[in-house]
Amino acid sequence: MAARYAIANTVVPEGAKAPEKVQLKIARDKALSEEKEKAVDAAKKEKVEQREGLKKRTQAYEKEYADHQKKLVDLRREAKLGGNFFVEPEAKLLFVVRIVGIIKLSPK
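Keep in mind the model is a prediction, meaning the values are calculated, not measured.

**Side note on the overall build of the protein**
Assigned secondary structure in the protein consists of 1 helix and 0 strands. Projecting the C-alpha coordinates of the protein onto the three principal axes gives extents of approximately 95 × 55 × 10 Å. With the model as given, the accessible surface of the protein reaches about 10,800 Å², and the carbon-plus-sulfur share is 57%. The average position of the 25 basic charges and that of the 17 acidic charges among the side chains of the protein differ by 6 Å.

**Some remarks on the pattern of salt bridges**
For the structure on display, the rule yields 3 salt bridges. Across the pair aspartate 67 and lysine 63 runs a salt bridge whose closest N-O atoms are separated by 3.2 Å. Separated by 4 residues within a single helix, aspartate 67 and lysine 63 lie in helix H1 (residues 20–82), roughly one turn from each other. Given the relative accessible area of 53%, lysine 63 is considered exposed.

**A short note on a nonpolar patch on the surface**
Together, Phe95, Val97, Ile99 and Val100 make up a nonpolar patch on the protein surface, roughly 490 Å² of accessible area in all. On the secondary structure map, valine 100 appears in the segment after H1. The partly exposed category is assigned to valine 100, whose relative accessible area is 47%.

**As for H1**
Along its 63 residues, H1 runs 93 Å from first to last C-alpha, staying within 8% of the 93 Å computed at 1.5 Å per residue. Turning to H1, its buried residues are Asp29, Leu72 and Ala79.

**Focus on the environment of glutamate 52**
Structurally, glutamate 52 can be placed in helix H1. Once the C-alpha coordinates of glutamate 52 and glutamine 69 are considered, the two residues, 17 residues apart in sequence, prove to be 26 Å apart.

Basis of the calculations
- Residues numbered from 1 in each chain as written.
- Predicted model: local features only at pLDDT ≥ 70, side-chain atom pairs only at ≥ 80, totals over all residues.
- Heavy atoms only, no water.
- Helix = DSSP H or I, 4+ residues; strand = E, 2+ residues; numbered from the N terminus.
- Areas by Shrake-Rupley, 256 points an atom, 1.4 Å probe, with all protein chains shown as cover.
- Lys, Arg positive; Asp, Glu negative; His and termini not counted.
- Charge placed at Lys NZ, Arg CZ, Asp CG, Glu CD.
- Salt bridge = Lys/Arg side-chain N within 4 Å of Asp/Glu carboxyl O.
- Buried < 20%, exposed > 50% of the residue type's maximum accessible area, 1.4 Å probe, protein only.
- Patch = residues over 30% accessible without salt bridge, like charges linked within 9 Å, V, L, I, M, F, W, Y side chains within 5 Å.
- Expected span 1.5 Å × (residues − 1).

What follows is the structure, encoded as structure tokens:
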């Protein structure tokens, strides 16, 4: 049962006798609405847990990046004090050449 579906609210006036099919419909809708409420609550809890996990992961990455930047600054200062040069780290580059094609034919 998806939580996105609307469930009809069938009301029978007091004192009136409802047909058996209407009573069954009311009972079914009541069960479905309870199930929908549980599903919505579970989805909210799951969303909160997911956001907390994302926040923790983000904070860990931010700390890692800040530590890396601090390390680079410290290395620059150390090199300057020692009268040396500091060479910035470069990105790693990988060059790949495909020599065999997808179906064992050479690429053209």
